[in-house]
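Listed below, chain by chain, are the residues.
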Amino acid sequence: DQEKIFEQTLEKNKDKETFTFYDGPPYATGKPHYGHVLQSAIKDTVLRYKTMRGFNVPRRVWWDCHGLPVETLVEKELGFKSKRDIEEYGIEEFNQKCRDTVFRYIDVFTDTLKRLGRWAEYDKAYATMDIDYMESEWWVMKQLWEQGLLYKAFRSTPYCIRCATPLSNFEVSMAYKDKTDTAVYVLLSVKGVRNLSSRVPDPLWLLIWTTTPWTLPGNAAAAFSGDDEVKYVIVEYEGKNIVAAKDRVEAIFGEGAQVVGEITKDELKGLRYESLYPDVAEKMGVKKEKLYLLVPGDHVTAKDGTGLVHMAPAFGEEDFEIGKREGLPTLRTVDTEGNYIKEVPNWAGENIFAANEKIVRDLDERGLLFKREKYRHSYPFCWRCDEPLIYYALDTWFVRVNKIKDQMLATNEQINWTPNHIKHGRFGKGIESAPDWAVSRNRYWSVPMPIWECDKCDGQVCVGSIEELKKLSGEEEIRDLHRPYVDEIEWECGKTPSSSSLSGGEKSMCSGKMTRIPEVLDAWFDSGSMPYSQWHYPFENKELVEANYPADFIVEGLDQTRAWFYTLHVLANALTVKDIGLGKGQPAFKNVVASGLILAEDGQKLSKKLNNFPELDTTMEKYGADVLRLYLLSSSSLGEPYKFSEKDIQQLQRNVYLTLWNVYSFFVRYAKVARWNPVRHKDWESNNLLDKWMMARLKIFEQEVIGKMNDYQVDDAARAILPFIDDLSNWYVRRSRGRFQHGAGEQDKNEAMSTLYEVLVRFSRVAAPFMPFVSEEIYGNLAGGESVHLEHLGDVVEVSGEERKLVDEMGGIREVVSAGLAIRAREGIKVRQPLGTMFVKGNIFKGELLEMVKDEMNVKQVQDWDDMGSKDKAARSDSTGGPQVALDIEMTAELKAEGAAREVIRHGQLLRRKAGYALDDRIILQLIVEDANLRKVLESQEKMIAGALQADEVVYEDMEVDASAEVKMDGVEVKIGVNTIS
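Residues numbered from 1 in each chain as written. Predicted model: local features only at pLDDT ≥ 70, side-chain atom pairs only at ≥ 80, totals over all residues. Heavy atoms only, no water.

## A word on the sheet that holds strand S21 (residues 491-492)
So, point 1. Strands sit in the order S20-S19-S22-S21 across an open sheet of four strands; the sheet is antiparallel. Either end of the sheet is taken by a strand with one partner, and the two such strands are strand S20 (460-462) and S21.
So, point 2. Examined bridge by bridge, strand S19 (residues 451-454) and S20 share three bridges and lie antiparallel to one another. Counterpart to Ile451 in the pairing with S20 is Cys462. (Pairing = 2+ DSSP bridges. Helix = DSSP H or I, 4+ residues; strand = E, 2+ residues; numbered from the N terminus.)

If you want it as structure tokens, here you go:
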């Protein structure tokens, strides 16, 4: 921030090719959570990467402001229970409360994102409630209107009775839960049986099934299956002749049920029955001649229930469509708040769910309830208020998705999806099955639909701009497009072309008044319009938007495949007007990443109530942003659920982040002692095998990360960091440690220094998008310059076949060593204790590679597996799928002596650190050993011990020491002390 590095990156690349990014907006009505951090980590990593690759990457943030998320929050705070409370409170006052709420936590959000390291142009943020943004949405609506893609229909639609508004199909899919309902089997008395074949008994009963007893007062018909495979029979049961599907007889009536005959579908069709609640239709003024008959339904199966289902066109999608086909009346027995209307005398004014059990009891008392059962099924809930949804017939505005569905499928082929299976899976199948988009909401705090209707004729107009509204209404100034202000704008219809002239007829005049329809837009229309609305297109920034459309990249959670990703795609394909410059046949985005959702370690949702996750601020304070970012990026494959585990974060911090820091600290410490300067050694070239391997491993790492990031496989790219740091620390540095220390040859030391320096500098460049803070620290201290984030990340030089071979061979060594160390651990033999021989199946190690295996395993020789013969003391590996390895664990006196020496060296090194010696300090080593045999052993190893501990002298008597320790070796007390040589 102080050096304005982000601003410098924008300035540096301002004339380069633009990389366009669409940001999915959060609501700032609450504090940020781990889901926000996950998405921000992916976004920031990709955008930093593209910046370092030389692209101009502008990145604005924006804020969601409208819709049910805000309204339900304000209702809760005001203690409101229904829409009536809002109406009584006043729309203007309510919307002002919503306006005051939307930016409540914007400072907390911004601070958290900055703490995470997310770069963005926070001072250029925009919001969906900005008047410019809303005006562009009106323009989008006008384009849909003029292309005939917007229409109003009376239809049974997903509906929330608490919020009193319809919802879209994709909103419904966002909040399914398992729910247990009461399913009832109800007897209907058939009328006119005598008109059927003489083989059909009279009286006859139909057995229908429903999981929503509350809809029975609205019953209009019953449906049988249209599937030819489903047959119907008549069962005699407890004195009644009952019709049901043949395949359901045993499940309903039990084993040995008495089937007395079949009944054909031709006989079923049009069959009439006695109404369950005849007074309802009569009070609603509906003629019974059109009601209470059997009709075919393709949605009816014999998998559950009875094969006959109750039909209430007002409360079911399939019911409504069949009712429309069959000419059935729609008995809307429930009001918009989920209470029975006065025409339902028994339960008028009661909530439908509260009355459910009362209806079941009523049927039972009248002898019409055959049986009841608990039925557990997946059921939709409101994604905002968490109340169960119903289907409800009402006037709703729709976008004709079905008209552009083929085009949506075609443009989906142009999108690169990560993970790829979403393209033709979740997203593609979602398009194929998508109904028209219910885009209107009977609410308050959102973008008002810009449609005005005449109160006398059928005149309608869709307004596409503020200027157009001014011309139509005569208003001189319009400062706000929200309710209730636009609701007050009216004009005489005579000034507006009627619907006939809109469709090409002559202009007609009318004395009616044009008033705005009461509905507002689905808040998801806000987000779907963002490519245009964020820049106030087409009123401003026309060339900017058209030059950078479609977006190069977007990312959000997997759930957005049925939400933001979907609405962007719908509107991109709907805007096919030739002269707007966006063109036809393009998606809204080229590359999209869909991440999984974050769950608790046990698979449950993260919940404050369950207290199953640590506070976000605490996590960042405890582990740092780099660790949290790398954990979120690498811990799960994109598209799969993330199981948040603080234990795993701790492990990553310890094994990866701190390991990297220790390598960096190791280099700095030894470079300072040696006064090593990279400038003096910039043209170095090493022949050391370990150095060659490390540089080849670095090239492969760079190639892997850049390749994965070019393909937007951020998770795989992040995961490549983990094994690389392990190889760097636990193989290269550990094996090269002696080359950095005092006494190492000058050339060898310089080659090791140069190699490690080059690796750390280049690693920090590649890792900068993933771990921006530690990369900045390492790069700045080692390479200088203003910032690693201003560096260019170019393509990697091709890795040669020889380099790949070396990396593969070194990988083989590590596998063999790992198997050998597992044997040592199993047998309880420390690595410091030398062993004679190691046997390896298919041993191909030679030269330096062979010496590495011997050194790592602390064995004198490595032989082929077949040379082992029948050695009694050979311990074999028990790994499956790994290398076959065995160790000769027989101990000789010489091996034991060398093991004792290595034990002394270990304790001596600890004492050097305890005494605070510099790396190049020479010392006197004190060894006091009472046991004569052990002393003799240590004396025989004196040269090895002194060399390892930088001791000029080893004494075996008391002296003044800077640090000492008493240790036991094979049960014998040994005192070890160290003193510096002045």
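Alright, that's what it looks like, and here's the rest.
## A short note on unusual backbone geometry
So, point 1. The amide bond that connects Thr418 to the next residue, Pro419, takes the cis arrangement and shows omega of 0°.
So, point 2. Residue placement: Pro419 occurs in the loop between strand S16 (416-418) and helix H15 (421-433).
So, point 3. The omega torsion of the bond from Tyr549 to Pro550 falls at 0°, within 30 degrees of zero and hence cis.
So, point 4. Positionally, Pro550 belongs in the loop between helix H20 (542-547) and strand S24 (554-557).
So, point 5. Its identity as a non-glycine residue notwithstanding, Lys4 has a phi of 50°, on the positive side.
So, point 6. Mapped onto the fold, Lys4 is located in the segment before helix H1 (5-12).
So, point 7. With a phi close to 65°, Tyr712 is a non-glycine residue in the positive phi region.
So, point 8. Inspection of the secondary structure assignment puts Tyr712 in the loop between helix H25 (689-710) and helix H26 (714-719).

## Describing the pattern of salt bridges
So, point 1. This model, assessed by the stated rule, comprises 56 salt bridges.
So, point 2. Among the salt bridges present, the one from Lys177 reaches Asp386, with a minimum N-O distance of 2.5 Å. Here the residue Lys177 occupies a position in strand S5 (residues 176-191), and Asp386 occupies one in the loop between strand S14 (369-380) and strand S15 (390-399), the gap between them amounting to 209 residues.
So, point 3. Look at Lys177 and you get partly exposed, because its relative accessible area is 34%.
So, point 4. We classify Asp386 as partly exposed; its relative accessible area is 40%.
So, point 5. If you follow the salt bridges from partner to partner, you end up with Asp23, Lys43, Arg118 and Glu556 in one network. (Salt bridge = Lys/Arg side-chain N within 4 Å of Asp/Glu carboxyl O. Buried < 20%, exposed > 50% of the residue type's maximum accessible area, 1.4 Å probe, protein only.)

## Side note on the packing of aromatic side chains
So, point 1. Per the stated rule, a full pass over the model turns up 55 aromatic pairs.
So, point 2. By way of ring pairs, the aromatic residues Phe170, Trp383, Trp437, Trp524, Phe525 and Tyr566 are connected into one cluster.
So, point 3. The ring of Phe398 carries the charged tip of Arg155 above its face, separated from the ring centre by 4.3 Å.
So, point 4. Lying over the aromatic face of Phe381, Lys177 brings its terminal NZ or CZ to 4.8 Å of the ring centre. (Phe/Tyr/Trp six-rings, centres within 6.5 Å; stacked < 30°, edge-to-face > 60°. Lys NZ or Arg CZ within 6 Å of the ring centre and 35° of its normal.)

## Concerning the packing of helix H24 (residues 646-674) against helix H27 (residues 721-740)
So, point 1. Viewed as axis vectors pointing N to C, H24 and H27 meet at an angle of 30°, and their least axial separation amounts to 10 Å. Viewed along their axes, H24 and H27 form a crossing whose handedness is left-handed. From H24, Leu652, Val656, Thr659, Leu660, Val663, Phe666 and Tyr670 reach across to H27, where they touch Leu722, Ile725, Leu728, Ser729, Val733, Arg737 and Phe740.
So, point 2. Across the contact of H24 with H27, the residue classes tally to eleven nonpolar, two polar and one charged. (Axes fitted to C-alpha atoms, helices over the stretch in contact; angles between N-to-C directions. Left-handed = near helix turned anticlockwise from the far one by under 90°. Contact = heavy atoms within 4.5 Å. Nonpolar A, V, L, I, M, F, W, Y, C, P; charged D, E, K, R; others polar.)

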